[in-house]
Amino acid sequence: MASLRCRRDPCGVICLILTYFSVFYADYVVIQYVVIPAYSDSVWCALHGAVFNLILLLLLACHSKAVFSDPGMVPLPETAIDFSDLRSQSSRMNERGCEGWTVCSRCETYRPPRAHHCRVCQRCIRRMDHHCPWINNCVGELNQKYFIQFLFYTGMASLYSLVLVVSAWVWRIRSEREGESEKETDESPSKHLIVAHYIILLVESVLFGVFVMVIFYDQLVSIITDETPIEQMKNRLMLKDRSSASSPASLSQATNHTPHTRKPKLALLREVFGRGSVLFWLFPLHTSPPTVGGITYSALPDYDV
Ligand SMILES: [Zn+2]
Ligand SMILES: [Zn+2]
């Protein structure tokens, strides 16, 4: 039900349609108005066409994996939690090695450390980064890799189409000056139409390129600092509380906060991208979910309700 509700999010559906439309439009303009006219007499025509379409194919594969993969939803309990006895239950959980587990009052379930509730998906997501309308899904522990790969290939496609459009435009201006421009027939597209397509694709490439590069950088920083944007915000708020107000509640909250273990950057990257070769990080291949502190995240603790 929750995943269906997520799919029905109007903003997410619009963003999905916009993503597919932008990809197919870019491919249409690059093939029809850039590669074929500018490189028709050389091997570059087939080469540019093949490489650009390969990047788009990988982009769409990573995107669909990010859209349809489980981001790491915390399973709902079969029986409801008895909220009247939460304190003793949480101490019992700590005794069983489930330290840091909390209770979500909206899902009415126990959740592992670093899991947060998403209001759009209406479920708790393990190591939730954020809810992304562009994939109409949460970015969490199990699909962050696909999301970052999608950003990477979108950045590559934007840069590639930018270079292709600029070079085709320069070629067109040069050949016009030299009087080599192909004689316009009734079937050939008008000059204004070509220029309009070039401008639209340039704007699309710059906008998407800059947008994904900023998010890509943020994602890498959050991985190597081992802190999701939600945790960054929470930690900042806690520090603010600690420095300004010295209320007992905020102090106890701040002292209860346990910083994440300081792991090497490569180990943190491997937790997201998998333990195989670095080359495999480029492909949307399934890797087994990571385990933290001996607890497999896919299992619920052995609690009594
Ligand atoms: Zn929840
Ligand atoms: Zn979500």
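All values reported here derive from a predicted model rather than from experimental measurement.

Some thoughts on the overall build of the chain
Part 1 of the reasoning: On a plain count of helices and strands, the chain comes out with 9 helices and 8 strands.
Part 2 of the reasoning: Every one of the 305 residues in the chain was classed for burial, and the buried ones make up 41%.
Part 3 of the reasoning: Looking at the chain alone, contacts between residues at least 24 apart form 69% of all its contacts between residues at least 6 apart.
Part 4 of the reasoning: Approximately 17,500 Å² of the chain is accessible, and the part contributed by carbon and sulfur atoms is 63%.

A look at the coordination of the zinc ion (ligand 1)
Part 1 of the reasoning: Within the protein, the zinc ion (ligand 1) binds to Cys104 (SG), Cys107 (SG), His117 (ND1) and Cys124 (SG); these donor distances fall in the range 2.1 to 2.3 Å.
Part 2 of the reasoning: One way to put it: the 4 donor atoms around the zinc ion (ligand 1) meet at angles of 98 to 125 degrees, and that makes the site tetrahedral.
Part 3 of the reasoning: Here the donor residues of the zinc ion (ligand 1) share one chain and are spaced in sequence as C-x2-C-x9-H-x6-C. Residue Cys107 is found in the loop between strand E1 (102-104) and strand E2 (109-111), and its partner His117 is found in strand E3 (residues 116-118); the two are separated by 10 residues along the sequence.
Part 4 of the reasoning: On the basis of relative accessible area, Cys107 is assigned to the buried category, the value being 9%.

Concerning the nonpolar core
Part 1 of the reasoning: One finds Phe52, Leu59, Ile135, Phe147, Leu164 and Tyr198 to be the most contacted residues of the largest nonpolar core, which totals 39 residues.
Part 2 of the reasoning: Those elements that place two or more of their residues in this core are helix H2 (10-38), helix H3 (44-68), helix H5 (144-177) and helix H6 (191-224).
Part 3 of the reasoning: If sequence neighbours within four positions are ignored, Phe147 has contacts with Ala66, His130, Cys132, Ile135, Val139, Ile215 and Gln219.

Notes on the coordination of the zinc ion (ligand 2)
Part 1 of the reasoning: Donor atoms from the polypeptide that bind the zinc ion (ligand 2) are Cys118 (SG), Cys121 (SG), His131 (ND1) and Cys138 (SG), placed at 2.1 to 2.3 Å.
Part 2 of the reasoning: Around the zinc ion (ligand 2) sit 4 donor atoms; with metal-centred angles ranging over 100 to 116 degrees, the donor geometry is tetrahedral.
Part 3 of the reasoning: Read from N- to C-terminus, the donor residues coordinating the zinc ion (ligand 2) fall into the pattern C-x2-C-x9-H-x6-C. Note that Cys121 is positioned in the loop between E3 and strand E4 (123-125) and Cys138 in strand E6 (residues 137-139), a separation of 17 residues in sequence.
Part 4 of the reasoning: On the basis of relative accessibility, which here comes to 0%, the residue Cys121 falls in the buried class.

Observations regarding the environment of Ala61
Part 1 of the reasoning: As for its placement among the helices and strands, Ala61 is situated in helix H3.
Part 2 of the reasoning: Judged by its relative accessible area of 28%, Ala61 is partly exposed.
Part 3 of the reasoning: Spatially, the C-alpha atoms of Ala61 and Gln149 are 9.5 Å apart, while their sequence positions differ by 88 residues.

Things to note about the pattern of salt bridges
Part 1 of the reasoning: Per the counting criterion, the structure on display carries 5 salt bridges.
Part 2 of the reasoning: With a closest N to O distance of 2.8 Å, Glu231 and Arg114 form a salt bridge. Placement of Glu231 in helix H7 (residues 229-243) and of Arg114 in the loop between E2 and E3 is noted, with a sequence separation of 117 residues between them. Across the pair, Arg114 and Glu231 agree in class, each one buried.
Part 3 of the reasoning: The partner of Lys263 in a salt bridge is Glu271, with the nearest N and O atoms 2.7 Å apart.

Here's the deal with the packing of H3 against H5
Part 1 of the reasoning: Between H3 and H5, the shortest axis-to-axis distance is 8 Å and the interhelical angle comes to 155 degrees. On the basis of their axis angle, the class for H3 and H5 is roughly antiparallel. Handedness of the crossing formed by H3 with H5: left-handed. Of the residues in H5, those touching H3 at His48, Val51, Phe52, Ile55, Leu56, Leu58, Leu59, Cys62, His63, Lys65 and Ala66 are Tyr146, Phe147, Gln149, Phe150, Tyr153, Thr154, Met156, Ala157, Tyr160, Ser161 and Leu164.
Part 2 of the reasoning: Split into classes, the residues belonging to the contact of H3 with H5 amount to 16 nonpolar, 5 polar and 1 charged.

Brief notes about the packing of aromatic side chains
The geometry of an aromatic ring pair is captured by two quantities: the separation of the ring centres and the angle between the planes.
Part 1 of the reasoning: Taken as a whole and assessed by the stated rule, the structure comprises 9 aromatic pairs.
Part 2 of the reasoning: The interplanar angle of 15 degrees and the centroid separation of 6.2 Å between the aromatic rings of Phe21 and Tyr25 together place this pair among those described as stacked. Separated by 4 residues within a single helix, Phe21 and Tyr25 lie in helix H2, roughly one turn from each other.
Part 3 of the reasoning: The interplanar angle of 85 degrees and the centroid separation of 5.7 Å between the aromatic rings of Tyr28 and Tyr33 together place this pair among those described as edge-to-face.
Part 4 of the reasoning: The class of Tyr28 is partly exposed, set by a relative accessible area of 40%.
Part 5 of the reasoning: Classification of Tyr33 by relative accessible area gives buried; the value is 6%.
Part 6 of the reasoning: Taken together, Trp134, Phe208 and Phe211 form an aromatic cluster joined through their ring pairs.

As for the confidence of the model for the chain
Part 1 of the reasoning: Mean pLDDT for the chain: 83, with 77% of residues reaching 70 or above.
Part 2 of the reasoning: Residue range residues 250-257 is modelled with pLDDT below 50. Its contacts to residues more than four positions away, or to other chains, number 9 contacts.

Topic: the state of the cysteines
Part 1 of the reasoning: In this structure the tally under the stated criterion is 0 disulfides.
Part 2 of the reasoning: Its sulfur unpaired, Cys11 is 4.4 Å from the next cysteine sulfur, which belongs to Cys15.
Part 3 of the reasoning: Accessibility expressed as a relative area gives 42% for Cys11, which makes it partly exposed.

About the criteria used
- Residues numbered from 1 in each chain as written.
- Chains lettered and ligands numbered in written order.
- Predicted model: local features only at pLDDT ≥ 70, side-chain atom pairs only at ≥ 80, totals over all residues.
- Heavy atoms only, no water.
- Helix = DSSP H or I, 4+ residues; strand = E, 2+ residues; numbered from the N terminus.
- Buried < 20%, exposed > 50% of the residue type's maximum accessible area, 1.4 Å probe, protein only.
- Contact = heavy atoms within 4.5 Å.
- Areas by Shrake-Rupley, 256 points an atom, 1.4 Å probe, with all protein chains shown as cover.
- Donors = N, O, S within 2.8 Å, 3.2 Å for Na, K, Ca; no water.
- Tetrahedral: all angles 85-135°; square planar, octahedral: opposite > 155°, others 65-115°.
- Core = buried A, V, L, I, M, F, W, Y, C linked by side-chain atoms within 4.5 Å.
- Salt bridge = Lys/Arg side-chain N within 4 Å of Asp/Glu carboxyl O.
- Axes fitted to C-alpha atoms, helices over the stretch in contact; angles between N-to-C directions.
- Parallel < 35°, antiparallel > 145°, perpendicular 65-115°, else oblique.
- Left-handed = near helix turned anticlockwise from the far one by under 90°.
- Nonpolar A, V, L, I, M, F, W, Y, C, P; charged D, E, K, R; others polar.
- Phe/Tyr/Trp six-rings, centres within 6.5 Å; stacked < 30°, edge-to-face > 60°.
- pLDDT = per-residue confidence, 0-100.
- Disulfide = S-S within 2.5 Å.

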